[in-house]
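Listed here are the chains, written in short residue letters.
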Amino acid sequence: RAPGSPLPPAGRSRTSRHSTTPSTAFRLRSAGGDRALQQQMGALYQGYGTHYVDLWLGTPEPQRQTVIVDTGSGVTAFPCEECKKCGDDYHTDKGYKESKSQSFAVLGCSECMRGYCATMDGSKKCRISMSYAEGSSWSAYESRDLCYAGGPHDASLTIEGSQTNIEDVALDHIDPVDASQFAFELVFGCQVSITGLFITQLADGIMGMENEKTSFWKQMHGKDAIPRPEFSLCFSRQDVAKREGTGAGAMTLGGVDTRLHMSPMVFAKNQKGSGFYAVHLKGIYLRDGGGKSAGDVTSDASRLHKLSIDEGTLNRGNVIVDSGTTDTYFTSALAKPFKDAWKKLQGKAYSHTPVSLSHAEIDAMP
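So, how was this worked out
- Residues numbered from 1 in each chain as written.
- Predicted model: local features only at pLDDT ≥ 70, side-chain atom pairs only at ≥ 80, totals over all residues.
- Heavy atoms only, no water.
- Disulfide = S-S within 2.5 Å.
- Helix = DSSP H or I, 4+ residues; strand = E, 2+ residues; numbered from the N terminus.
- Contact = heavy atoms within 4.5 Å.
- Phe/Tyr/Trp six-rings, centres within 6.5 Å; stacked < 30°, edge-to-face > 60°.
- Buried < 20%, exposed > 50% of the residue type's maximum accessible area, 1.4 Å probe, protein only.
- Lys NZ or Arg CZ within 6 Å of the ring centre and 35° of its normal.
- Expected span 1.5 Å × (residues − 1).
- Arc of directions from axis to C-beta.
- Core = buried A, V, L, I, M, F, W, Y, C linked by side-chain atoms within 4.5 Å.
- Salt bridge = Lys/Arg side-chain N within 4 Å of Asp/Glu carboxyl O.
- Patch = residues over 30% accessible without salt bridge, like charges linked within 9 Å, V, L, I, M, F, W, Y side chains within 5 Å.
- Areas by Shrake-Rupley, 256 points an atom, 1.4 Å probe, with all protein chains shown as cover.
- Lys, Arg positive; Asp, Glu negative; His and termini not counted.
- Charge placed at Lys NZ, Arg CZ, Asp CG, Glu CD.

For the rest of this paragraph, the subject is the state of the cysteines. The final tally for this structure, using the stated rule, is four disulfides. The disulfide partner of Cys 83 is Cys 86, and the S-S distance across this bridge is 1.8 Å. Looking down the S-S bond of the Cys 83 and Cys 86 bridge, the torsion is -80 degrees, so its handedness is left-handed. Disulfide pairing places Cys 112 opposite Cys 126 at an S-S distance of 2.0 Å. Across the disulfide from Cys 112 to Cys 126, rotation about the S-S bond amounts to roughly -90 degrees, and the bridge is consequently left-handed. Placement of the pair is Cys 112 in the loop between β7 (105-106) and β8 (116-120) and Cys 126 in strand β9 (residues 123-131), with a sequence separation of 14 residues. For the chain, the bonded cysteines connect in the pattern 1-8, 2-3, 4-6, 5-7 when numbered consecutively along the sequence.

Right, dumping it as structure tokens:
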């Protein structure tokens, strides 16, 4: 999907990536009668090197918290009332006011999912803390509330309790106003302190999307809000990230939507049964003369230069796909092969020393 292009309109036929027949839709069972809905799609917005989605929580008036979609984390968390100096000057929203929600509840020590029983603010709660490679961290207690993801960006929808969706008839229907029809009771971290990038990032918090029972999509499936334990992310990129929201893709919960595809999907096997999503790298190449698309490689294979490193060393310690990380990191054993190949192609050593380059010179770099 081209950056900045709108989501495809409802009404076109769609097919599942598993077959050539129309994908199944979901039938909503509620007090108002049955209603058929397919998997949910929500808009993604561009943060500072990351993508985030709207999360609406609480009743009777849902509150918005924007959360980075993070496949490298298993917990959803954002600042609550107790959190002081927690990024109000940087985030899209103020902290979550749990006292205004009639459906909010603190987990008791017998209910801890990821945390452990500890005394916090004079009472026993499920304490949970996380720290990250770049140095940021947060501390929270586990709680629950009714929520839904996506929907209109600047207006909440009514949550009529947890919803149940089951596979049923084919129906092509994507509409932001249906987002609350996928509401469920989410266990999340009510943050009481945050540090580092969690203060200065644009999004309010984080949405855990790794393969764990505590992750957002796993809880959503476990509560029957979606019938299939699947999700997909479609990323695009804009040149700026505005506080009021810069559209940059879509997240589909419960499956995939092939109308977002500009080419057939290519798959890499997940090497881990739970936790992080790990892939196996077969090799790394530098392309002489630059280029902007991996699809260009078939035109002139002689421009490709494989780095001299064996597969075992390249994959040592697992290589994970992490949507919440802004940089790519490889084993330090890759440094020498990379620098050798760079010097061969560029005629000079790779360096972090600042230089002035024209657009043409940048485009011509490996």
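A few words now on the environment of Gln 65. Residue position: Gln 65 is located in strand β5 (residues 63-70). Sequence separation between Gln 65 and Tyr 96 is 31 residues, and the spatial gap between their C-alpha atoms is 7.1 Å. In this structure Gln 65 touches Val 53, Asp 54, Leu 55, Leu 57, Phe 78, Pro 79, Asp 93, Lys 94, Gly 95, Tyr 96 and Asp 204, once residues within four positions along its chain are discounted.

This part is about the packing of aromatic side chains. Aromatic ring pairs are defined here through the distance separating the ring centres and the angle between the ring planes. As enumerated under the stated definition, the model contains 13 aromatic pairs in all. Ring geometry for Tyr 132 and Phe 198: centres 5.2 Å apart, planes at 50 degrees, overall tilted. Taken together, the residues Tyr 132 in the loop between β9 and β10 (137-149) and Phe 198 in helix α1 (residues 197-200) connect sequence positions 66 residues apart. When the ring of Phe 231 is compared with that of Tyr 277, the centres are 6.4 Å apart and the planes differ by 65 degrees; the resulting orientation is edge-to-face. Taken together, the positions of Phe 231 in strand β14 (residues 231-235) and Tyr 277 in the loop between β15 (247-253) and β16 (278-279) put the pair 46 residues apart, joining distant regions of the chain. For Phe 231, a relative accessible area of 21% translates into the label partly exposed. Judged by its relative accessible area of 15%, Tyr 277 falls in the buried class. Site record: aromatic cluster; members linked through ring pairs are Phe 78, Tyr 96, Phe 104 and Phe 188. Above the plane of the ring of Tyr 141 lies Lys 125, whose end atom (NZ or CZ) is 4.1 Å from the centre.

Take helix α4 (residues 335-346) next. The terminal C-alpha atoms of α4 lie 16 Å apart, and with 12 residues this matches the ideal 16 Å at 1.5 Å per residue to within 8%. Those residues of α4 lying buried are Pro 337, Ala 341, Trp 342 and Leu 345. Across the axial projection of α4, the buried residues extend over an arc of 130 degrees, all falling on one side. In α4, the exposed positions angled more than 90 degrees off the buried face are occupied by Lys 336 and Lys 343. Buried residues in α4 make contact with β17 (285-287) and β18 (304-306). With its phi angle positive at about 80 degrees, Gly 347 sits one or two positions after the end of α4.

Take the nonpolar core next. Within soluble globular proteins, side chains that are nonpolar generally end up buried alongside one another. The biggest cluster of nonpolar side chains holds 30 residues, and the ones touching the most others in it are Leu 55, Phe 216 and Met 251. Secondary structure elements with two or more residues in this core: β4 (51-57), β5, β10, β12 (184-195), α2 (216-222) and β15. In terms of residue count, the dominant contributor to this core is β12 (five residues). Excluding residues within four positions of it along the chain, Met 251 makes contact with Gln 40, Met 41, Gly 42, Leu 44, Val 53, Val 69, Ala 149, Met 207, Met 209, Ser 232 and Leu 233. The next biggest cluster of nonpolar side chains, apart from the first, holds 12 residues, and it includes Leu 286, Leu 314, Ala 341 and Trp 342.

Per the stated rule, a full pass over the model turns up 10 salt bridges. Arg 64 serves as the salt-bridge partner of Asp 93, at 2.9 Å between the closest nitrogen and oxygen. With a gap of 29 residues between them, Asp 93 in the loop between β6 (77-79) and β7 and Arg 64 in strand β5 connect regions that are remote in the sequence. Here Asp 93 matches Arg 64 in class, with each residue buried. In this structure, the salt-bridge partner of Lys 336 is Asp 340, at a minimum N-O distance of 2.8 Å. You can see Lys 336 and its partner Asp 340 sitting in helix α4, four residues apart, about one turn around the helix. The class of Lys 336 is exposed, set by a relative accessible area of 57%.

The topology assignment puts Gly 291 in the loop between β17 and β18. Judged by relative accessible area, Gly 291 falls into the partly exposed class, the value being 46%. In sequence terms Gly 291 and Asp 363 are 72 residues apart; their C-alpha atoms lie 6.9 Å from each other.

Turning our eyes to something else, we now look at a positive patch on the surface. A surface patch of like charges, here positive, comprises Lys 94, Lys 97, Lys 100 and Arg 243. Here Lys 100 shows up in the loop between β6 and β7. Residue Lys 100 is classed as exposed on the basis of its relative accessible area, which comes to 58%.

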